[in-house]
Amino acid sequence: MTSETRTRSSVRARLGSLSQVHKWWASKIAPLLAVTFLALTVEPLPVPEAMWRAAAMLWSACLLATAAYVVNDWFDREVDRAVGKESAVMSLRGSTVLALHLVLVLVAALPWLGLGLDPVAWVAFAAIVALPLIYSAPPLRWKTRGGLGVVADASLAHLAPTTFALAAFGAFDPDGRAAAVVVTGATLVWSAAVGVRAIVSHEIVDLEADRLAGVETWVGRAGVGTARRIGTWVVFPIEVVALSCIVVSLATFTALPLVVLVAVAVAMALARVAGAWTEPMLVMSTPDVERVLLFLFYRFWLGAAFLAGLIVVEPGYVVVAPVFVVLFLPVVRDELTSLARGTAGTVHGIAWIIYGKGIRAAANWTRHRLPDHARDAVAATGAGFAATGRGIAAGATGLGSAIAAAAGAIGRAVARAWSETRRFVYRAYRLVRRTVLARTRSGT
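Asker: Is there a simple way to explain the overall build of the protein in this structure?
Answerer: In terms of helices and strands, the protein carries 17 helices and zero strands. A burial count over the protein gives 36% of its 444 residues as buried. A separation of at least 24 residues holds for 76% of the contacts in the protein among residues at least 6 apart in sequence. In the structure as shown, the protein presents an accessible area of about 24,100 Å², 69% of it carried by carbon and sulfur atoms.

Here is the structure:
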């Protein structure tokens, strides 16, 4: 490895540690793009304008996410050191962190000074900037104030960005259409529920580390059992109902997202039942299991379904599809592989059910459960059906031969009759011709 290559690798690693991009790229940016596609379906914009706005939103989202993690990691530096965590921010001075945060925020806002935003979008932008400080920085530091920390993180990670995306693409101006109002409202409720379930799951996983560091989160106060019950029986149903309202109301614009999401959900459920993958999937995380129901689904399939619906409404957006795939290529590869593996497992499971639970079970039951005379009767019946089948086949063969012979005889008779008719006509023609010629000569 050359020195230049080592330098590039070092810079890339340092930037990754600074931005913590692996923590938010697929889990936060993919749902945000899904909301963008949803907003454009409800309130279409010209494709060039929408592309510029989408690029600006992606740019701002990445910079603001980096700014949020810079602030959080710096104010958590002592806590992280206590539990053995390392980050690139720990070694920076406070003034450097402040300057870096301001630069990231200003550069994130720069594209919108030219593209323009309505007041709701600017309020959401300001919330995205302020919430990391409210969550992490003393004296407020809502992170250690129980439920306030849950509210701040859920708003920062999901609700405020969702509000910004909806406002930036005009979804808050539905022109009196009830379906658009329902889609927008349900999307806000859904994003808030997703944010709450995500931070509560995260606090459950980090509970012991937080206790060792002296950080008392809401889960630490309420207890894991209470947190899991509230997440499972309150937050998750709200999230599912809101998501259902989104896709059903969106069907008034295009039904394709509903079809795609239902098809993928059914395929995954069948794959799970068939045993194609056995990893535990929970509504809320535990310290041992972090895979949370629907969160992996949001990393690709939600955006893919909404993008498919947008393309149906406005085919010009087909240019977005390859960009979306490239942006989340590792996730796309994993999801398609899982779906293919699940489909193969489903087919294998159905075949096993038909053979193992049907044909072979019936054969075993017949062999071991029926009395001897009943088995003899079944065997005799089967032999009778076989003999009858052979008789029918023989009869059909004989009938076919007879029909073929009759057809051959008829064909030969017709051929002879045609030949005789031709000869008769030819002889008559010659006779008439000789007679006419004879009379002509005698007359001359």
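Text resumes after the structure shown.
Asker: Sorry, what's going on with helix α7 (residues 147-168) here?
Answerer: Each α-helix winds once per 3.6 residues, and so residues spaced three or four apart point in a common direction. Taking 1.5 Å of rise per residue, the 22 residues of α7 would be expected to cover 32 Å, and the 29 Å separating its terminal C-alpha atoms lies within 8% of that figure. Along α7, the sharpest change in direction is near 50° and occurs at S155. Counted residue by residue, α7 has 17 buried out of 22 residues, so it is predominantly covered. One or two residues past the end of α7 sits G170, with phi positive at roughly 80°.

Asker: Is there a simple way to think about the nonpolar core in this case?
Answerer: Inside soluble globular proteins, nonpolar side chains tend to come together where they are buried. Formed by 87 residues in total, the largest nonpolar core has its most connected members in F164, W190 and F306. Take this core: its biggest share by element is 13 residues, from helix α2 (residues 21-42). Among all residues touching F164, those that are not within four sequence positions of it are M57, W112, L117, A121, A124, F125 and I128.

Asker: When you look at the side chain of H101 in this model, what are you seeing that I'm missing?
Answerer: For H101, the location among the structural elements is in helix α5 (residues 94-115). Sequence-distant contacts of H101, defined by excluding residues within four places in its chain, comprise A67, V71, V129 and L133.

Asker: Would you mind going over the packing of aromatic side chains with me for this structure?
Answerer: In this description, a pair of aromatic rings is defined by centroid distance and the angle of the planes. Inspection of the entire model under this criterion finds twelve aromatic pairs. Ring centres of F37 and F324 lie 5.7 Å apart, and the angle between their planes is 75°; on these two criteria the pair is classed as edge-to-face. Of the two residues, F37 is situated in helix α2 and F324 in helix α15 (residues 320-327); the sequence distance between them amounts to 287 residues. In this structure F37 comes out as buried when scored by relative accessible area, which is 6%. Lying over the aromatic face of W74, R77 brings its terminal NZ or CZ to 3.7 Å of the ring centre.

Asker: Where do I start with a nonpolar patch on the surface in this structure?
Answerer: On the surface, V189, I230, W233, V234 and I238 cluster together to form a nonpolar patch covering roughly 480 Å² of accessible area. If you trace the backbone, V234 turns up in helix α11 (residues 224-250). Take V234: its relative accessible area is 44%, and that puts it in the partly exposed class.

Asker: It is not clear to me how α2 should be interpreted in this structure. Could you clarify?
Answerer: Taking 1.5 Å per residue as the helical rise, α2 with its 22 residues ought to reach 32 Å, and the 30 Å between its terminal C-alpha atoms agrees with that figure. Counting buried positions along α2 yields 16 of 22 residues, so the element is predominantly enclosed.

What counts, and where the lines are drawn
Within each chain, residue numbers correspond to sequence positions counted from 1 in written order. With pLDDT at 70 or above as the cut-off, local features in this predicted model cover only qualifying residues; side-chain atom pairs require 80 or more to be listed or tallied, and sums for whole chains, interfaces and linings still use all residues. Where side-chain values are given, they derive from all heavy atoms of the structure, hydrogens and water being excluded. In this description a helix means any DSSP run of H or I spanning at least four residues, a strand means any run of E spanning at least two, and both kinds are numbered starting from the N terminus. Accessibility here uses a 1.4 Å probe with only protein chains present; expressed as a share of the type maximum, an area under 20% marks a residue as buried, one over 50% as exposed, and anything in between as partly exposed. What makes two residues a contact is simply this: any of their non-hydrogen atoms within 4.5 Å. Values of accessible area rely on a 1.4 Å probe in the Shrake-Rupley scheme; residue burial ignores everything except the protein chains shown. Here a helix's expected span is defined as the number of its residues, less one, multiplied by 1.5 Å. A residue's bend is given by the angle between axes fitted to the 7 residues ending at it and the 7 residues starting at it. Only buried residues count toward a nonpolar core, which is a set of Ala, Val, Leu, Ile, Met, Phe, Trp, Tyr and Cys residues joined through side-chain atoms within 4.5 Å. Paired rings are identified among Phe, Tyr and Trp, the last through its six-membered ring, by centres lying within 6.5 Å, and are further divided according to the angle between planes into stacked (under 30 degrees), edge-to-face (over 60) and tilted (the rest). Criterion for a charge above a ring: Arg CZ or Lys NZ at most 6 Å from the ring centre, at most 35 degrees from the ring normal. In this analysis, a patch consists of residues with relative accessible area above 30% that form no salt bridge, clustered at 9 Å for like charges and at 5 Å for the nonpolar side chains Val, Leu, Ile, Met, Phe, Trp and Tyr. The rule for a salt bridge is simple: a side-chain nitrogen of Lys or Arg has to be within 4 Å of a carboxyl oxygen of Asp or Glu.

Read these as layout, nothing more, since geometry by itself doesn't imply function.
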